[in-house]
Amino acid sequence: RTWVEKLFSALLSFTIGRDAGPMAQRQDESGETAMVLEPELPLPGPELAVHAHNDPSTQSSVLAGALLRATAGGLSSMVSLTACYPLDTVRTHMQVHKGTADTFTVMRNIVQQRGIEGLYDGLAPSLAAQTASTFVYYLAYEALKRATLVMQSRRHLAPMANLTVAAAAGIVNVLVTTPLWVASMRMRLQKKAQFSSLWDALAHIAKEEGLAGLWSGTVPSLLLVSNPVIQFVSYENFKRLLARIVGSLGAGHFFVVGALAKFLATLLTYPLQVAQSRLRSSPDSARATTFTCLAAILRESGLRGLFRGLEAKLAQTVLMAALTLMGAEEIEMAVYKIAG
């Protein structure tokens, strides 16, 4: 397939969910997970799965598959984050700073003040955090999924079981990688060269704010794991409603319904992402809670303040999901061809 076909397939899989095939999830820097298609990897059949935990060769195959998926996801996420980073920079500034400027105005202001390179401030630490986050998430997801399949003697997970596994992997990812995201956020927003590297930022935060400072914004990040559940439930209900109206559904219908479900899930959980950015960016966040942060935003900017940067987030989410999936597919296919 051409890259255009692969990109469309990735966008379609991002919005369709289970109707297009087995589901997996991809988690971004906010902790939000998105339902996407999962490329098929070799799995033991039902008749072999029950004995898989006693088979060293099967265990090695499962581990190799999980590592391949994690590595492919990590590498492709670096490319997709770099491509979408200006949107992420704009979104972050809109979430953290007060004001009423729209996406294009904020982007223009950043360019005027810092040049084009200002849109890429903090790219290196963000790439490190994104790669680590994607690797941890994919590895945890694949390991938990395959362990569940073995215990259930099944080839594929049921949709709700898949969501449960994805949520568990998301929680693991949030708990492990939040310090990296806190440090990269501080480096992205610093007005002068306060930190020389990601590790310098981690050490400084730990020294000045303690361990609590490194895990700032953990609560909203954990709550954001609910995003794919909202998306899935919305998708199922929208699909049934549309089926009553038009009858048989095709790929185009699934795309529209999936996009609406993703938009609703993002809309409902977006205030948590704003609170998460505020908590991660402030040295005083260790003494704040998610509730007090949201209340402060409401007092400062009203309801509109809870949704600042939403348009940039939506564009970034869709593009990153598509590019990450397309890249991961290419990397996996290349490895399988080399391995024969």
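Reading the values: the criteria
Residues numbered from 1 in each chain as written. Predicted model: local features only at pLDDT ≥ 70, side-chain atom pairs only at ≥ 80, totals over all residues. Heavy atoms only, no water. Phe/Tyr/Trp six-rings, centres within 6.5 Å; stacked < 30°, edge-to-face > 60°. Helix = DSSP H or I, 4+ residues; strand = E, 2+ residues; numbered from the N terminus. Buried < 20%, exposed > 50% of the residue type's maximum accessible area, 1.4 Å probe, protein only. Axes fitted to C-alpha atoms, helices over the stretch in contact; angles between N-to-C directions. Parallel < 35°, antiparallel > 145°, perpendicular 65-115°, else oblique. Left-handed = near helix turned anticlockwise from the far one by under 90°. Nonpolar A, V, L, I, M, F, W, Y, C, P; charged D, E, K, R; others polar. Salt bridge = Lys/Arg side-chain N within 4 Å of Asp/Glu carboxyl O. Core = buried A, V, L, I, M, F, W, Y, C linked by side-chain atoms within 4.5 Å. Contact = heavy atoms within 4.5 Å. Expected span 1.5 Å × (residues − 1). pLDDT = per-residue confidence, 0-100. Arc of directions from axis to C-beta. Polar contact = N/O pair within 3.5 Å; in protein donor to acceptor, adjacent residues only side chain to side chain.

## With respect to the packing of aromatic side chains
Inspection of every chain in the model, using the stated rule, returns three aromatic pairs. Where Tyr 85 meets Tyr 120, the ring centres are 6.1 Å apart and the plane angle is 20°; that geometry is what we call stacked. Of this pair, Tyr 85 sits in helix α3 (residues 56–96) while Tyr 120 sits in the loop between α4 (103–114) and α5 (123–152); the two residues are 35 residues apart in sequence, bridging distant segments of the chain. According to the relative accessible area criterion, Tyr 85 is buried, its value standing at 0%. Among the residues examined, Tyr 120 registers a relative accessible area of 33% and is labelled partly exposed.

## Describing the packing of α5 against helix α6 (residues 159–189)
In contact at an axis separation of 8 Å, α5 and α6 are set at 165° when each is read in the N-to-C sense. By the criterion of interaxial angle, the relationship of α5 to α6 is roughly antiparallel. Handedness of the α5/α6 crossing: right-handed. Grouping the amino acids of the contact of α5 with α6 by side-chain chemistry returns 17 nonpolar, nine polar and two charged.

## Points about the pattern of salt bridges
Taken as a whole and judged by the stated rule, the model has nine salt bridges. Notably, a salt bridge pairs Arg 146 with Glu 142, separated by 2.9 Å at the nearest N-O pair. Placement of both Arg 146 and Glu 142 in helix α5 is noted, with a separation of four residues, approximately one turn of the helix. In this structure Glu 142 comes out as buried when scored by relative accessible area, which is 0%. One salt bridge in this structure joins Glu 236 and Lys 239, with 3.5 Å as the shortest N-O distance. You can see Glu 236 and its partner Lys 239 sitting in helix α9 (residues 227–246), three residues apart, about one turn around the helix. The same class applies to Glu 236 as to Lys 239, namely buried. Beyond isolated ion pairs, a larger network of salt bridges with shared partners links Asp 88, Arg 91 and Arg 188.

## A few points about the nonpolar core
Membership of the largest hydrophobic core is limited to 12 residues, which are Ala 129, Leu 180, Trp 181, Val 182, Ala 183, Met 187, Phe 195, Leu 198, Ala 201, Leu 202, Ile 205 and Leu 214. For this core, the secondary structure elements donating two or more residues are α6 and α7 (198–214). Setting aside chain neighbours within four positions, we find Val 182 in contact with Ile 205, Gly 213, Leu 214, Ser 216 and Arg 280. By size, the runner-up hydrophobic cluster in this structure holds nine residues, among which are Tyr 270, Val 274, Leu 294 and Leu 310.

## Some remarks on the environment of Leu 144
Note that Leu 144 resides in helix α5. For Leu 144, a relative accessible area of 34% gives the class partly exposed. Sequence separation between Leu 144 and Asn 162 is 18 residues, and the spatial gap between their C-alpha atoms is 9.8 Å. Here Leu 144 is in contact with Val 165, Ala 168 and Ala 169, once residues within four sequence places are set aside.

## Brief notes about α9
The end-to-end C-alpha separation of α9 is 28 Å, in line with the 28 Å expected for 20 residues at 1.5 Å each. Every buried residue of α9 is listed here: Asn 227, Pro 228, Gln 231, Phe 232, Ser 234, Tyr 235, Glu 236 and Lys 239.

## Structural notes on the confidence of the model for the protein chain
Residues at a pLDDT of 70 or more form 70% of the protein chain, whose mean pLDDT is 76. By mean pLDDT, helix α2 (residues 46–49) is the weakest element of the protein chain at 35, and helix α8 (residues 218–223) is the strongest at 92. Considering only residues more than four positions removed or in separate chains, one finds that residues 15–26, a stretch of pLDDT under 50, has 59 contacts. Scored below 50 in pLDDT, residues 33–54 makes 79 contacts in the model with residues more than four places away or belonging to other chains.

## Focus on the packing of α6 against α9
Between α6 and α9, the shortest axis-to-axis distance is 10 Å and the interhelical angle comes to 165°. The orientation of α6 with respect to α9, classified from their angle, is roughly antiparallel. The interaxial crossing formed by α6 with α9 has right-handed handedness. In this structure, α6 contributes Pro 159, Met 160 and Leu 163 to the contact, and α9 contributes Pro 228, Val 229 and Phe 232. Among the residues forming the contact of α6 with α9, the class breakdown is six nonpolar, no polar and no charged.

## Brief notes about α4
With 12 residues, α4 should cover 16 Å at 1.5 Å per step; its first-to-last C-alpha distance of 16 Å lies within 8% of that length. Listing the buried residues of α4 in full gives Thr 103, Val 106 and Ile 110. Looking down the long axis of α4, one finds its buried residues gathered within 70° of arc, a one-sided arrangement. Those residues of α4 that are exposed and angled more than 90 degrees off the buried face are Phe 104 and Gln 112. The N-cap of α4, judged by a side-chain oxygen 3.3 Å from the amide nitrogen of Phe 104 a few residues on, is Asp 102.

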